[in-house]
Amino acid sequence: MKSTDTLLIVGAGTAGAELAMATRQNGWAGPIVLIGDEAPLPYQRPPLSKAYLSGVATAESLLLRPAGVYAKADVSLRLGVAVGDIDPEGRVVSLSDGTRLAYSRLALCTGGRPRPLSCDGMPADGKPSNLHYLRTRADADAIRASLLPASRLLVVGGGYIGLEVAASARALGAAVTVLEAQPRVLARVTGPDLSAFYEHVHRSAGVDIRTNAIVRGLQRDATGKSARAVVCADGTVIEVDVIVVGVGMLPNVELAAAAGLEIDAGIVVDEHAVTSNPSICAAGDCTVHRSAVYGRRIRLESVPNALEQARTAAATLCGKPRAYHPVPWFWSDQYDLKLQMVGLSDGYDGFVLRGAMQTRAFTAFYLRNGSIIAADVVNRPAEFMVAKRLVAARASIDADRLADEAVPLRELLSQPG
Ligand SMILES: Cc1cc2nc3c(=O)[nH]c(=O)nc-3n(C[C@H](O)[C@H](O)[C@H](O)COP(=O)(O)OP(=O)(O)OC[C@H]3O[C@@H](n4cnc5c(N)ncnc54)[C@H](O)[C@@H]3O)c2cc1C
C-alpha cells in the first residue's frame, strides 16, 4: 500500500462509513473516497421503524458520525451521487454526475432495497402515492407525514420491520392491521412460541394481526393515484388510508454483477471480505459469505454484520487479514420489549424457556442434538451477553439447568453439562 493508493467505497451506509474509518485507523495512507447516492451524511437505519418513526428520535440523532469526524480522518465524502459503472480492468468507476474516478482498491457496500409488493392493481409505472416501503430516512419521513391519529394503516408483512412499524404507528394513535402471508408472524426468523408471544403483544396493543393473509390486489381511489382498499386472496376487502409494505429486501448486486463479480443471492465474499476479484472487497447487506459455523452460504441483514464485515475488509485492505466467522445477532424494539437474538434457529429440535413469557422478560433457547444453536432474549440484556457466548460455544447444557432461574446463566458457562 502506497501513500498514493486510492480506496473508493461505493455505498455510504453503515458498512461503507465503518469501512472508511476502519481503513484509515488501520493505516491506509492514501486517499479514501466514500461515495453514496443518498444526500444525508451516513445514518443509522434501525430507528427508522422505531424511535424516529414514532417521533422520539431526531434526524440529527440518526447520524453515524458528525461531518467533522470524516474531515479529521481525511475521508472525502461524495454524497448524492451514484456509481453507475465499474471498469475492473481499468480500475475506474463512473459516477452519475459524469465524473470518472480511478482506484487502487474498491469496496462495495451497496446494501439493499425493499422487495416490491407484487399484486393486481399496482400502477405499471410505480406505486400508489399512499403505499410506502421503508429503507431510507426519506421513506420514514413520508410514512410519518401520512400517519395521523386514527389513520387506517395496513402493514403488509409480519416480519421485524412490519411489526416495528405497527408498534410505532400505534404509539401515534393509528388504527393498525398487519397482514402476514405465513401462518404466524416472524416465521422466517424465530420459532412458534416467540411468534405467538409477539402476536399476543400486538393484539393486546390493539393491532389487528391477520395470518395466512395474502394480498391479492389493490383497489385505487377515483384519482387512480392512491389505494383505497386492499383485497386479500380470501376475498376480504380492507379499506386503508396508508399502506406500508415490509416483505423483505433485495441486495443491490447489479453493479457488481455487471463488473463480472460472482453473485449468489448477494455479492460472494470470502472470510476476508474479498470478492471474486482480488482488488475488490465488499461488506454488509449486499454480501453472502460461506459460514464456517453453519456450513452454507448466508446473507445477513444486520448492523452487527455490516460493522464487523466492514472492519474485516478494512483489515484485509491494509494487509492485516483476519478471518470473519460471525455468529449472527440482531435486535428488535417493539413497545416496551427489547428482543435480542443470537444464532440461527432453523433446524432446532429442542426448545427451552427460561422465565415466563407473561413477565415480558425471558430467554428462549433453541437446541440441536443437545447443543445450543440460538437464543431469543426479551428484556434481559445481561442474559443476552451470556447467551451469545453459549451459542458461540455450541454449549451442551442439561435442559432443566438451562431453564432453572435459580442457577445464574453465567455459571453454566464455566460448568456446562
Ligand atoms: C427500517 C429498518 C430497521 C432496521 N432495524 C434493524 C435493527 O433493529 N437491528 C439491526 O441489526 N439491523 C436493522 N436493520 C438492518 C440494518 O439497517 C442493515 O443491516 C444495515 O443498514 C446494512 O448496512 P449496509 O451499509 O450494508 O447497507 P445500507 O445501510 O443499505 O447502505 C447502503 C448504501 O449504499 C447506497 N448505494 C447503493 N448502490 C449505490 C451506488 N451504485 N452508488 C452509490 N451509493 C449506492 C444505498 O443507497 C445506501 O445508502 C434495519 C433496516 C431497516 C431498513
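Note that this is a predicted model, so its numbers are computed, not measured.

**Student:** Would you mind going over unusual backbone geometry in detail, with residue names and values included?
**Tutor:** Phi is positive for N212, which is not a glycine, with a value near 50°. Relative to the helices and strands, N212 resides in the loop between β12 (208-210) and β13 (215-220).

**Student:** Tell me about the pattern of salt bridges, and name the residues and values.
**Tutor:** Taken as a whole and assessed by the stated rule, the structure comprises 24 salt bridges. For E164, the salt bridge goes to K50, with nearest N and O atoms at 3.0 Å. Here E164 is found in helix α5 (residues 160-171), whereas its partner K50 is found in the loop between β2 (32-36) and α2 (59-62), with 114 residues between them in sequence. Across this residue pair, the class does not change: E164 and K50 are buried. R322 is the partner of E308 in a salt bridge, and the nearest nitrogen-oxygen pair spans 3.5 Å. Taken together, the residues span a long stretch of sequence, with E308 in helix α8 (residues 303-317) and R322 in the loop between α8 and β22 (329-334) at a distance of 14 residues. Here the residues in one salt-bridge network are E18, R65, E308, R311 and R322, joined through shared partners.

**Student:** Any chance you could break down the site of the ligand for me, citing the residues and the numbers?
**Tutor:** The environment of the ligand is formed by 35 residues, the closest being D37, E38, R45, K50 and R135. At 2.5 Å from an oxygen atom of the ligand is found a side-chain nitrogen or oxygen belonging to D37. Surface burial for the ligand is 94%, taken as the share of its 1,000 Å² of free accessible area covered by protein chains. Ranked by residues supplied to the shell around the ligand, first place goes to α8 with three residues. Across the shell around the ligand, the residue classes tally to 17 nonpolar, eleven polar and seven charged.

**Student:** Give me the lowdown on the sheet that holds strand β1 (residues 7-10), citing residues and values where you can.
**Tutor:** Note on sheets: strands pair through backbone hydrogen bonds, and any given pair is parallel or antiparallel. The strand order β3-β2-β1-β7-β19 describes an open sheet built from five strands, whose pairing is parallel. Whereas interior strands pair on both sides, the edge strands pair on one side only; in this sheet they are β3 (75-79) and β19 (280-282). Each neighbouring strand pair of the sheet contributes to a mean axis angle of 20°, computed without reference to strand direction. Here four bridges tie β1 to strand β7 (residues 105-108), and the two strands are oriented parallel to one another. When the bridges of β7 are listed, L7 appears paired with R105.

**Student:** Account for the sheet that holds strand β5 (residues 92-95), naming residues and giving values.
**Tutor:** Strands sit in the order β4-β5-β6 across an open sheet of three strands; the sheet is antiparallel. What marks the edges here is a single partner per strand, and that holds for β4 (83-87) and β6 (100-102). When strand polarity is set aside, the average angle formed by the axes of neighbouring strands in this sheet is 20°. Sheet topology note: the β5/β6 ladder contains three bridges and is antiparallel. Bridge pairing links V92 to A102 in β6.

**Student:** I'd like a rundown of the nonpolar core, residues and numbers included.
**Tutor:** L147, L153, V176, V178, L194 and Y198 are the most contacted members of the largest nonpolar core, which totals 41 residues. Top contributing element to this core by residue count: α5, with five residues. Ignoring any residue separated from it by four or fewer positions in sequence, one finds L194 in contact with L339, M357, F362, A364, Y366, D376 and V378. Counting 25 residues, the second-largest nonpolar core is a separate cluster that includes A15, W28, A273 and C281.

**Student:** How would you sum up the side chain of S104? Please name residues and give values.
**Tutor:** Its location among the elements puts S104 in the loop between β6 and β7. With residues near it in sequence (within four places) discarded, S104 still touches D5, T6, R91 and S279.

**Student:** Report on the pairing of β2, specifying residues and quantitative values.
**Tutor:** Residues in a regular strand point their side chains to alternate faces of the sheet. The buried fraction of β2 is high, at five of five residues. What you see with β2 is no split at all: I32, L34 and G36 on one side and V33 and I35 on the other are buried throughout. Both β1 and β2 contribute to a ladder of four bridges, which runs parallel. Note on β2: the bridge partner recorded for L8 is V33. The parallel pair β1 and β2 is bridged by helix α1 (residues 14-25), and the resulting crossover is right-handed. Pairing analysis gives five bridges linking β2 to β3, with the strands arranged parallel.

**Student:** Lay out the packing of aromatic side chains with the relevant residues and their values.
**Tutor:** Per the counting criterion, the structure on display carries eight aromatic pairs. Centroid distance F197 to Y198: 5.2 Å. Interplanar angle 90°. Geometry classified as edge-to-face. A residue is classified by how much of its surface remains accessible, and F197, at 7% relative accessible area, is buried. Through a chain of ring-to-ring contacts, three or more aromatic side chains come together here, namely Y160, W329, F330, W331 and F384. The side chain of K388 reaches across the aromatic face of W329, ending 4.1 Å from its centre.

Thresholds, definitions, all that
Residues numbered from 1 in each chain as written. Predicted model: local features only at pLDDT ≥ 70, side-chain atom pairs only at ≥ 80, totals over all residues. Heavy atoms only, no water. Helix = DSSP H or I, 4+ residues; strand = E, 2+ residues; numbered from the N terminus. Salt bridge = Lys/Arg side-chain N within 4 Å of Asp/Glu carboxyl O. Buried < 20%, exposed > 50% of the residue type's maximum accessible area, 1.4 Å probe, protein only. Near = heavy atom within 4 Å. Polar contact = N/O pair within 3.5 Å; in protein donor to acceptor, adjacent residues only side chain to side chain. Areas by Shrake-Rupley, 256 points an atom, 1.4 Å probe, with all protein chains shown as cover. Nonpolar A, V, L, I, M, F, W, Y, C, P; charged D, E, K, R; others polar. Pairing = 2+ DSSP bridges. Axes fitted to C-alpha atoms, helices over the stretch in contact; angles between N-to-C directions. Core = buried A, V, L, I, M, F, W, Y, C linked by side-chain atoms within 4.5 Å. Contact = heavy atoms within 4.5 Å. Right-handed = clockwise from strand over helix to strand, strands pointing away. Phe/Tyr/Trp six-rings, centres within 6.5 Å; stacked < 30°, edge-to-face > 60°. Lys NZ or Arg CZ within 6 Å of the ring centre and 35° of its normal.

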